[in-house]
Amino acid sequence: MDKKIGVIVASSVVVIILALGVFLQQREAGSATEDPNFISKKGLHWHSELFINVNGKEIVAPPNIGLGAKHNPMHTHEEPNVIHMEFPALVRQDDLFLGKFFEIWGKDMRSFGANIRMTVNGVENTEFENYQMKDKDKIILTFE
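Residue numbers here run from 1 along each chain, matching the order of that chain's written sequence. Local features are withheld for residues below a pLDDT of 70 in this predicted model, meaning they are given only at 70 or higher, and side-chain atom pairs are given and counted only at 80 or more; totals for whole chains, interfaces and linings count all residues. Side-chain numbers here rest on the full set of heavy atoms in the structure, without hydrogens or water.

A. The nonpolar core, seen in detail. Only buried residues count toward a nonpolar core. Its members are Ala, Val, Leu, Ile, Met, Phe, Trp, Tyr and Cys residues joined through side-chain atoms within 4.5 Å. Think of it in three bands: with a 1.4 Å probe and only protein chains considered, a residue is buried below 20% of the maximum accessible area for its type, exposed above 50%, and partly exposed in between. Counting residues in hydrophobic clusters, the biggest one holds 27 residues, and the most contacted among them are Leu50, Leu98, Phe101, Phe102, Met133 and Leu141. For this core, the secondary structure elements donating two or more residues are β2 (44-54), β5 (82-87), α2 (98-105), β7 (116-120) and β9 (138-143). Note on definitions: a residue-residue contact is assigned when non-hydrogen atoms from the two residues lie within 4.5 Å. Excluding residues within four positions of it along the chain, Leu141 makes contact with Leu50, Phe51, Ile52, Asn53, Leu98, Phe102, Met109, Ile116, Arg117 and Met118. Here a strand is any run of E in DSSP of at least two residues, a helix any run of H or I of at least four, and the numbering for each starts at the N terminus.

B. Layout of the packing of aromatic side chains. Two aromatic rings, drawn from Phe, Tyr or Trp (for Trp, its six-membered ring), form a pair once their centres lie within 6.5 Å of each other, and the interplanar angle then sorts them: stacked below 30 degrees, edge-to-face above 60, tilted otherwise. Inspection of every chain in the model, using the stated rule, returns 6 aromatic pairs. A ring pair is formed by Trp105 and Phe112, whose centres lie 6.0 Å apart and whose planes are at 40°; its orientation type is tilted. When sorted by exposure, Trp105 lands in the same class as Phe112, which is buried. One aromatic cluster is present, formed by Phe101, Phe102, Trp105, Phe112 and Phe143 through successive ring pairs. Placement of a charge over a ring requires the Lys NZ or Arg CZ to be within 6 Å of the ring centre, with the centre-to-atom vector within 35 degrees of the ring normal. The ring centre of Phe51 lies 5.4 Å from the NZ or CZ of Lys138, which sits over that ring.

C. Expanded view of the pattern of salt bridges. When a carboxyl oxygen of Asp or Glu lies within 4 Å of a side-chain nitrogen of Lys or Arg, that pair is called a salt bridge. One pass over the structure, following the stated rule, counts 4 salt bridges. Glu129 is the salt-bridge partner of Arg110, the closest N and O atoms lying 2.8 Å from each other. Here Arg110 is found in the loop between α2 and β7, whereas its partner Glu129 is found in the loop between β8 (123-124) and β9, with 19 residues between them in sequence. Its relative accessible area of 40% is what places Arg110 among the partly exposed residues. A salt bridge links Lys136 to Asp135, with the shortest nitrogen-to-oxygen separation between them at 3.3 Å.

D. Region of interest: the environment of Gly43. In this fold, Gly43 is placed in the loop between β1 (38-40) and β2. The spatial distance from the C-alpha of Gly43 to the C-alpha of Val91 is 6.0 Å, given a sequence separation of 48 residues. Excluding anything up to four places from it in sequence, Gly43 contacts Phe87, Pro88, Ala89 and Val91.

E. Looking closely at α2. Every buried residue of α2 is accounted for by Leu98, Gly99, Phe101, Phe102 and Trp105. The buried residues of α2 all sit within an arc of 155° when viewed along its axis, so they share a single face. Packing partners of the buried residues in α2 comprise β2, β3 (57-59), β4 (74-75), β5, β7 and β9. Once α2 ends, the next one or two residues include Gly106, with phi positive near 85°. What the arc describes is the spread of directions from the helix axis to the C-beta atoms.

F. The environment of Gly113, seen in detail. With respect to the helices and strands, the residue Gly113 is situated in the loop between α2 and β7. The sequence separation of Gly113 and Glu144 amounts to 31 residues, and the corresponding C-alpha distance is 6.5 Å.

Shape descriptors only; they carry no functional weight alone.
Here it is as structure tokens:
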């Protein structure tokens, strides 16, 4: 009889732990989706193109920005002008800001020149550092 009680108690503890885990996971997911800064809780894999022109000269971001000892979800590889955004889990809007890429690069976007013009997918845009990059964006920064 004592053995049956032990099995029942152990089973009850397992059920309680599982239920608590499900509850906490749902609560965390709910709080993330209520955040207006929230993009995805399951991550994303996007690519944007960035072209920089300074007084008629093209500046290309070097390969492997954000890669090394610490792998940053926003980074570059060998192909020129492509920013990779490879987030494995929770993504917020400010994770995708163009200014964040320049921060990871170790550059101040405005250090290329004072007179900036930016187009995104052929449309004038004045959000500059605060522009939230999206998949397949073509961003052109022109400094004169």
